[in-house]
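Residues per chain are reported as follows:
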Amino acid sequence: MRGLILYRFVFLVVLLSIIYIVQRFWFLRAWRLIGAVSEPGWRYLLIGLLIAAAAILLATVLDPMLGHFIPRQGLGNWVLSGARVWLLGSFLGCLVVTSVAALELISKPAVPARRETVDHSRRKFFHYAAYTLASIPFMAATYGFAAGRLRYQIEEVEVPISNLPKALDGLRILQISDVHFGDFMSQADLRRAVEMGNEMTPDLAVLTGDFINDGNDPLEDCIRELSKLRARLGVWGCNGNHEIYAEAEDQAQSLFQRYGMRLL
């Protein structure tokens, strides 16, 4: 138990350190850009917006540690979702910009002459390349949140097994994984996924963990929807790492049993 507490503490310290470094990287750059704005009115407005953005981001980072004080409905849900998209995109973007800067530093000895025009062109190229590449993670994360996550697709995979008994040949197994019910997955969205699964008329259904994001998410609502899956050999599942983090393993076991499913 003491080892688990120590592990969580170290993980939290490392995570918060990374968040601080990445956000400092971007906010300092934004501050310098705002400082170059000549019109005082616009400059003060942008400063106010930057401070507000920093405050909102800080609140979303502290939210899980302070008892989830941000509401999970309406505007609060959008703020949390947007902050998570930003945290992911900003981390990947920072990684890209830093990598390109390192590449620029390594490439300096390759310049044959120390001519100012060559050096200026090289700096300009790496500058635009860094921020162009850094925009890709932001666009990908935004697309994934706004549209990609709701475009469900059924992927059929044929699994060849040698010496498989004839009675099992053609067995159809439906797998649903990583639901993360809550901020990013509503009850209506999950119901649509379950209906798509039932249309496959599976012989066996398996639910492979991460039903929720954290302990604040409604685990019972998630499992109730999943219990509407229909398979002649039953619905079986297992916990994921998020159930472990949320200390919801026993609750999931009890709920699976209550709704006629089995949790391994």
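Conventions we followed
Residues numbered from 1 in each chain as written. Predicted model: local features only at pLDDT ≥ 70, side-chain atom pairs only at ≥ 80, totals over all residues. Heavy atoms only, no water. pLDDT = per-residue confidence, 0-100. Helix = DSSP H or I, 4+ residues; strand = E, 2+ residues; numbered from the N terminus. Salt bridge = Lys/Arg side-chain N within 4 Å of Asp/Glu carboxyl O. Buried < 20%, exposed > 50% of the residue type's maximum accessible area, 1.4 Å probe, protein only. Core = buried A, V, L, I, M, F, W, Y, C linked by side-chain atoms within 4.5 Å. Contact = heavy atoms within 4.5 Å. Pairing = 2+ DSSP bridges. Phe/Tyr/Trp six-rings, centres within 6.5 Å; stacked < 30°, edge-to-face > 60°. Lys NZ or Arg CZ within 6 Å of the ring centre and 35° of its normal.

Q: Would you mind showing me how to read the confidence of the model for the protein chain here?
A: Any residue range with low pLDDT should be treated as having predicted coordinates unsuitable for detailed reading. Predicted confidence across the protein chain gives a mean pLDDT of 84, with 86% of residues reaching 70 or more. Confidence scores differ between elements of the protein chain, with helix α4 (residues 116-146) showing the lowest mean pLDDT of 68 and strand β2 (residues 204-208) the highest of 97.

Q: Got a minute to help me understand unusual backbone geometry in this structure?
A: With the exception of glycine, most residues fall at negative phi, and the peptide bonds are largely trans. One non-glycine residue, Asn163, lies in positive phi territory at about 60°. Checked against the element boundaries, Asn163 lands in the loop between α4 and β1 (173-176). The phi angle at Asp178 is positive, at roughly 55°, despite the residue not being glycine. By the element assignment, Asp178 lies in the loop between β1 and α5 (187-198).

Q: In this structure, what is going on with the pattern of salt bridges? I would like to understand it.
A: Where charged atoms of side chains with opposite charge meet at close range, the side chains can pair. By the definition in use, this model includes 6 salt bridges. Ionic pairing is found between Arg232 and Asp203, a salt bridge with its closest N-O pair at 2.8 Å. Of the two residues, Arg232 sits in the loop between α6 (219-226) and β3 (235-238) while Asp203 sits in the loop between α5 and β2, which places them 29 residues apart along the sequence. Given a relative accessible area of 61%, Arg232 falls into the exposed group. Glu220 serves as the salt-bridge partner of Arg224, at 3.9 Å between the closest nitrogen and oxygen. Here the residue Arg224 and the residue Glu220 both occupy positions in helix α6, the gap between them amounting to 4 residues, near one helical turn. Judged by its relative accessible area of 28%, Arg224 falls in the partly exposed class. Judged by relative accessible area, Glu220 falls into the partly exposed class, the value being 27%. A network of salt bridges, in which partner residues are shared, links Glu220, Asp221, Arg224 and Arg258.

Q: Please explain the nonpolar core as it appears in this structure.
A: The nonpolar side chains of soluble globular proteins are, as a tendency, buried together. If you look at the biggest cluster of nonpolar residues, it comprises 25 residues, and the most contacted ones within it are Leu190, Leu207, Phe211, Leu219 and Leu229. Secondary-structure elements contributing two or more residues to this core are β1, α5, β2, α6 and α8 (249-258). With residues near it in sequence (within four places) discarded, Leu207 still touches Ile176, Leu226, Leu229, Val235, Trp236, Gly237, Cys238, Phe256 and Met261.

Q: Looking at this structure, I do not really get the pairing of β1. What am I missing?
A: Moving residue by residue along a regular strand, the side chains alternate between the two faces of the sheet. Residues Leu174 and Ile176 line the buried face of β1, whereas the alternating positions Ile173 and Gln175 sit on a face that is not buried. Taken together, the 4 bridges between β1 and β2 define a ladder with parallel strand orientation. Bridge pairing links Ile173 to Leu204 in β2.

Q: Looking at this structure, how should I read the sheet that holds β3?
A: By definition, the strands of a sheet pair up through backbone hydrogen bonds, in either a parallel or an antiparallel sense. Read across the open sheet, the 4 strands follow the order β1-β2-β3-β4; overall the sheet is parallel. Edge positions in the open sheet fall to β1 and β4 (262-263), since each of these has one partner strand only. Pairing analysis gives 2 bridges linking β3 to β4, with the strands arranged parallel. Looking across to β4, one finds that Trp236 is bridged to Arg262.

Q: How do you make sense of the packing of aromatic side chains when you look at a structure like this?
A: Two measures describe an aromatic ring pair: the distance that separates the ring centres and the angle between the ring planes. Scanning all chains against the criterion turns up 2 aromatic pairs. With 5.0 Å between their ring centres and 90° between their planes, Phe25 and Trp26 make a pair best called edge-to-face. Note on Phe211 and Phe256: the rings are 5.5 Å apart at their centroids and 45° apart in plane angle, and the pair reads as tilted. Pair noted here: Phe211 is in the loop between β2 and α6 and Phe256 is in helix α8, with a separation of 45 residues, a long-range link. A relative accessible area of 1% means that Phe211 is categorised as buried. Given a relative accessible area of 0%, Phe256 falls into the buried group. We note Arg29 situated over the ring of Phe25; from NZ or CZ to the ring centre the distance is 3.7 Å. The residue whose ring lies beneath Arg43 is Tyr44, and the NZ or CZ to ring-centre distance is 5.5 Å.

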